[in-house]
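Remarks on the overall topology
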Amino acid sequence: MRVLRYRDIYDRMRLLFPYFTYEFGEARVDMWPVTDGKETFWAMPLIVFLDARNVPWSGGDPLGRLVGYALIDVYHGDIQLIITGDDYFSQLFKKVYSEYVSTEVPEWLKPQLRYPEEFFEWRVAMYNFFHV
């Protein structure tokens, strides 16, 4: 029998990968179930916010990026990271965790992925703020 100490996925992800954002204000980042036909996973977007207070014209707002997705096995709790970003943080994350990270999105997963709604709304708000 396998017992998971951190059964809450958000707590486990926050413990293992503290660099990412798991909350937008009061709400948690949305995750959704995906399946390959045999196994079921939770798909969680990996979003990072970098401090940009010292960047000119940033207005003190952070720089947000969608780095990729985490696939969390529903039954066993195993975590697989799929990095889709091509920015500096994504490249750094790939190097540090190279044995745990995949850059290829499986074909079965492509039609089930979606862009995080919370992050989309944040980007629209930033666009509306800076685009005058």
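Structure: see above.
Residues numbered from 1 in each chain as written. Predicted model: local features only at pLDDT ≥ 70, side-chain atom pairs only at ≥ 80, totals over all residues. Heavy atoms only, no water.

**What to know about the sheet that holds strand β5 (residues 63–73)**
Spatial strand order, β3-β4-β5-β6-β7: five strands in an open sheet with mixed pairing. The sheet terminates laterally at β3 (32–35) and β7 (101–102), the two strands that pair on one side only. Both strand β4 (residues 40–50) and β5 contribute to a ladder of ten bridges, which runs antiparallel. Residue pairing in the sheet places Phe49 in a bridge with Gly64 of β5. Helix α1 (residues 9–16) contacts β4, β5 and β6 (79–83) of the sheet and is inclined by roughly 50 degrees relative to β4. (Pairing = 2+ DSSP bridges. Helix = DSSP H or I, 4+ residues; strand = E, 2+ residues; numbered from the N terminus. Contact = heavy atoms within 4.5 Å. Axes fitted to C-alpha atoms, helices over the stretch in contact; angles between N-to-C directions.)

**Structural notes on the pattern of salt bridges**
The full count for this structure, using the stated rule, is five salt bridges. One salt bridge connects Arg14 with Glu23, and the closest N-O pair in it is separated by 2.4 Å. Classification of Arg14 as partly exposed rests on a relative accessible area of 30%. The class of Glu23 is partly exposed, set by a relative accessible area of 33%. (Salt bridge = Lys/Arg side-chain N within 4 Å of Asp/Glu carboxyl O. Buried < 20%, exposed > 50% of the residue type's maximum accessible area, 1.4 Å probe, protein only.)

**What about the packing of aromatic side chains?**
Throughout the structure, instances matching the rule amount to 13 aromatic pairs. Ring geometry for Trp32 versus Tyr69: centroids 6.3 Å apart, planes at 75 degrees, classification edge-to-face. Taken together, the residues span a long stretch of sequence, with Trp32 in strand β3 and Tyr69 in strand β5 at a distance of 37 residues. For the pair Trp32 and Tyr69, a shared accessibility class is recorded, and that class is buried. Here the aromatic rings of Tyr115 and Phe120 are separated by 6.5 Å at their centres, their planes lie at 90 degrees, and the arrangement is edge-to-face. For Phe120, a relative accessible area of 49% puts it in the partly exposed group. Members of the aromatic cluster, joined through ring pairs, are Phe24, Phe49, Tyr115, Phe119, Phe120 and Trp122. (Phe/Tyr/Trp six-rings, centres within 6.5 Å; stacked < 30°, edge-to-face > 60°.)

**Notes on the pairing of β6**
Examined bridge by bridge, β5 and β6 share five bridges and lie antiparallel to one another. Bridge pairing in β6 places Ile72 opposite Ile79. Hairpin geometry of β5 and β6 is characterised by an intervening segment of five residues between the two adjacent antiparallel strands and by a positive phi of about 85 degrees at Gly77. In this sheet, β7 lies alongside β6 in parallel orientation, the contact comprising two bridges. Of the residues in β7, the one forming a bridge with Leu81 is Val101. For the handedness criterion, the β-α-β arrangement of β6, helix α2 (residues 88–96) and β7 is classed as right-handed. (Right-handed = clockwise from strand over helix to strand, strands pointing away.)

**Side note on the nonpolar core**
Of all hydrophobic cores here, the largest spans 19 residues; its most connected members are Met13, Phe17, Phe20, Met44, Leu46 and Phe93. Of all the elements in the fold, those that place two or more residues in this core are α1, β4, β5, β6 and α2. Not counting residues up to four positions away in its chain, the partners in contact with Phe17 are Tyr22, Ile79, Leu81, Phe93 and Tyr97. Grouped together as the second largest cluster of nonpolar side chains are 16 residues, Phe24, Val29, Ile47 and Val105 included. (Core = buried A, V, L, I, M, F, W, Y, C linked by side-chain atoms within 4.5 Å.)

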